[in-house]
Structure formats: C-alpha cells, structure tokens
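Summary of the model geometry
Next come the chains, spelled out residue by residue.
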Amino acid sequence: MAGKVRLNKKVIGRILKTVDGGKRAVAQKILANIDDPDARIEVYTTDREVVGIMVPADSQARDGVATRAASAAGISPGKP
Amino acid sequence: MPQPDPAAAIKAAIEQVWDTDHAEWAVTLHVDDDYRPVAGSPVLLVADDGGTTVHGGAWLVRKDMLRIVIRLTVFAAGRSEAREVLDAAVDDLVANRPAGIRIENVPAALETRDRETGAFLVSITMPVIVRPL
C-alpha cells in the first residue's frame, strides 16, 4: 500500500498566484482579435492569478465580442 | 451532406415549444440593426460564437465533434421580462434538446443594457458539444 499523500496547499497556492503559465500570451492573442477600443486586459488574483479580458457588457451580449475572439484564438471559453 | 448548424437546430427546438406556449415571444438568428424593444414582445437571439474541434483529422472529415459556444441573448423592454424569457428558453431547450447536441454547462447570466437601443439584455454563453449526424 502506498503511503498517504499530503498536498502542500500553501505551495500550490503560491504557484497558482505567481506562475504565468502562458496566460498573458493567450490573453494578448485573444485581445488582438477584438476590434474595440474599450477592450483591455486585467490581471487580478482570486485563489489564483487571473488574466481577464474585459469588454463592454453590451458588446458581449449583443455581438459576442469576447467569446468570438476567444474561439478565433482556438480557446473554448466556458470550459477549459 | 449538410454542414451542422447547431444554432439553427437550437432555434427550431425552442421555437417548437414557444409556438404553443409563448406565441408572443420570438426566436431569431440575427437581430436587425433598427431593432427597438417593445414591451411584451421579447426577442431571443441564438448565436454560434464558434469554437474548436474535439477530435480532428483527415479520417474524420465532416464527422469530427465540435466544442462550440452558443450564445443566448434576450432583448426585452424590461429586466424581469428578459430574465423570464431566458429561463424559459434554457428550460425548454434542455427539455426539447436537438439530437447530437450536448449542453455542457448553463452559466450565470450576464445582465446589461444596450447602449444603442436601450433594450435590456440578458445573455449566457453555453459551451456545447456538437456531433455531426
């Protein structure tokens, strides 16, 4: 029998908060597909670091600006 | 062999229920530029925001599954009306799901107001998996 595995949650948390892992590059790629001067990238931290793409809410609802840009970059939004 | 058109299939499925249950509600694949909200006549937009293939390759030409995002946006004159229509649309779609379409998630709704028309918009982007029939 294998011994007990204990996750070092503190270290995992630190990794999620500090390691980029290509997030910024992908966000730049998606942002390049958006033709809207109000679109921008916002970096914030929840239990991990998040690189978000912000667009006006009505552009997303009416035209799907953000979801379409993500699809064009080969990212399927909603589910990783 | 026709190309899969999941947005049209979803529109037809919702329309089928609404024709009898909510005759005053409309389902559409595109909203006109000169659209103006009218109380009591909300419009549901079904849009295909694209996505990626799940399994690809020449051996699966026209048979590979797609993971796409379907956007459901309700255009209405009021907020509660918009929310009510969206809830009904999701319920009716899940109950009357077209063949070959798997709904992966129904996320929380985005609520906003259209700067151009003043319509209340309530929108969700559903990841779906489409299997060509």
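Residues numbered from 1 in each chain as written. Chains lettered and ligands numbered in written order. Predicted model: local features only at pLDDT ≥ 70, side-chain atom pairs only at ≥ 80, totals over all residues. Heavy atoms only, no water.

**Some details on the overall build of chain A**
Looking only at helices and strands, one finds 4 helices and 2 strands in chain A. For 80 residues, the compact-globule estimate of 2.2 N^0.38 gives 12 Å, and the C-alpha radius of gyration of chain A, at 17 Å, exceeds that figure by more than 25%. Expressed along its principal axes, the backbone C-alpha trace of chain A runs to roughly 55 × 25 × 20 Å. In chain A, which comprises 80 residues, the proportion classed as buried is 30%. Across chain A, the fraction of contacts at a sequence separation of at least 24, relative to all contacts at a separation of at least 6, is 40%. About 5500 Å² of surface is accessible on chain A, with carbon and sulfur atoms providing 56% of the total. Across chain A, the mean location of the 14 positive side-chain charges is 17 Å away from that of the 9 negative side-chain charges. (Helix = DSSP H or I, 4+ residues; strand = E, 2+ residues; numbered from the N terminus. Rg over C-alpha atoms; globule rule 2.2 N^0.38 Å. Buried < 20%, exposed > 50% of the residue type's maximum accessible area, 1.4 Å probe, protein only. Contact = heavy atoms within 4.5 Å. Areas by Shrake-Rupley, 256 points an atom, 1.4 Å probe, with all protein chains shown as cover. Lys, Arg positive; Asp, Glu negative; His and termini not counted. Charge placed at Lys NZ, Arg CZ, Asp CG, Glu CD.)

**Some words on the side chain of threonine 28 of chain B**
Along the chain, the position of threonine 28 of chain B falls in strand S1 (residues 26–28). In this structure, threonine 28 of chain B is in contact with Lys11, Val43, Leu44, Leu45 and Val46 of chain B, ignoring residues within four places of it in sequence.

**Description of the pairing of strand S5 (residues 110–113) of chain B**
Residue and element names in this part refer to chain B. The sheet contact formed by S5 and strand S6 (residues 120–130) spans 4 bridges and is antiparallel. Looking across to S6, one finds that leucine 110 is bridged to serine 123. Counting the residues that bridge the hairpin from S5 to S6 gives 6 residues, and of these glycine 118 lies at a positive phi of roughly 80°. (Pairing = 2+ DSSP bridges.)

**A short note on the interface of chain B and chain A**
Taken residue by residue, the interface counts 23 residues in chain B and 18 residues in chain A. When the buried surface of chain B facing chain A is broken down by residue, Asp49, Arg71 and Arg115 of chain B rank first, second and third, together holding 29% of it. For the pair chain B and chain A, the number of links is 5 salt bridges. In this structure, the salt-bridge partner of aspartate 49 of chain B is arginine 68 of chain A, at a minimum N-O distance of 2.9 Å. Put simply, chain B and chain A have 12 residue pairs in polar contact (both at pLDDT 80 or more) between them. The leading source of residues in the side of chain B that touches chain A is strand S2 (residues 43–53) of chain B, at 7 residues. (Buried area = accessible area lost by both parts, 1.4 Å probe. Salt bridge = Lys/Arg side-chain N within 4 Å of Asp/Glu carboxyl O. Polar contact = N/O pair within 3.5 Å; in protein donor to acceptor, adjacent residues only side chain to side chain.)

**Topic: the environment of glutamate 104 of chain B**
Residues and elements named next belong to chain B. As for its placement among the helices and strands, glutamate 104 is situated in the loop between strand S4 (101–103) and S5. Glutamate 104 sits in the buried class, given a relative accessible area of 19%. Considered as a pair, glutamate 104 and methionine 126 are 22 residues apart in the sequence and their alpha carbons are 7.1 Å apart. One polar contact links glutamate 104 to arginine 102, side chain to side chain, over a distance of 3.0 Å.

**Here we look at the nonpolar core**
Residues and elements named next belong to chain B. Ranked by size, the top nonpolar core spans 29 residues in total, and within it Trp18, Leu44, Ile70 and Leu72 carry the most contacts. Among the elements of the structure, helix H1 (6–21), S2, strand S3 (66–76), helix H2 (79–95), S4 and S6 are those that each provide at least two residues to this core. The element that contributes the greatest number of residues to this core is H2, accounting for 7 residues. With residues up to four places along the chain from it excluded, the contact list for tryptophan 18 reads Ala23, Trp25, Ala26, Val27, Leu44, Val85, Ala88, Ala89 and Asp92. (Core = buried A, V, L, I, M, F, W, Y, C linked by side-chain atoms within 4.5 Å.)

**Some thoughts on H2 of chain B**
Residues and elements named next belong to chain B. In this model, H2 (17 residues) spans 24 Å end to end at C-alpha, consistent with the 24 Å of a helix rising 1.5 Å per residue. Those residues of H2 that sit buried are Glu81, Ala82, Val85, Leu86, Ala88, Ala89, Val90, Asp92 and Leu93. Taken together, the buried residues of H2 touch H1, S2, S3, S4 and S6. (Expected span 1.5 Å × (residues − 1).)

**A short note on a nonpolar patch on the surface**
A cluster of nonpolar side chains, Val5, Leu7, Ile12 and Leu16 of chain A, forms an exposed patch at the surface whose accessible area comes to about 390 Å². Position of valine 5 of chain A among the secondary structure elements: in the segment before helix H1 (9–18). (Patch = residues over 30% accessible without salt bridge, like charges linked within 9 Å, V, L, I, M, F, W, Y side chains within 5 Å.)

**Some details on the pairing of strand S2 (residues 49–54) of chain A**
Residue and element names in this part refer to chain A. The pairing of strand S1 (residues 40–45) with S2 spans 6 bridges and is antiparallel. Along S2, the bridge assignment pairs tyrosine 44 with valine 50. Hairpin geometry of S1 and S2 is characterised by an intervening segment of 3 residues between the two adjacent antiparallel strands.

So yeah, pure geometry; function would need other evidence.
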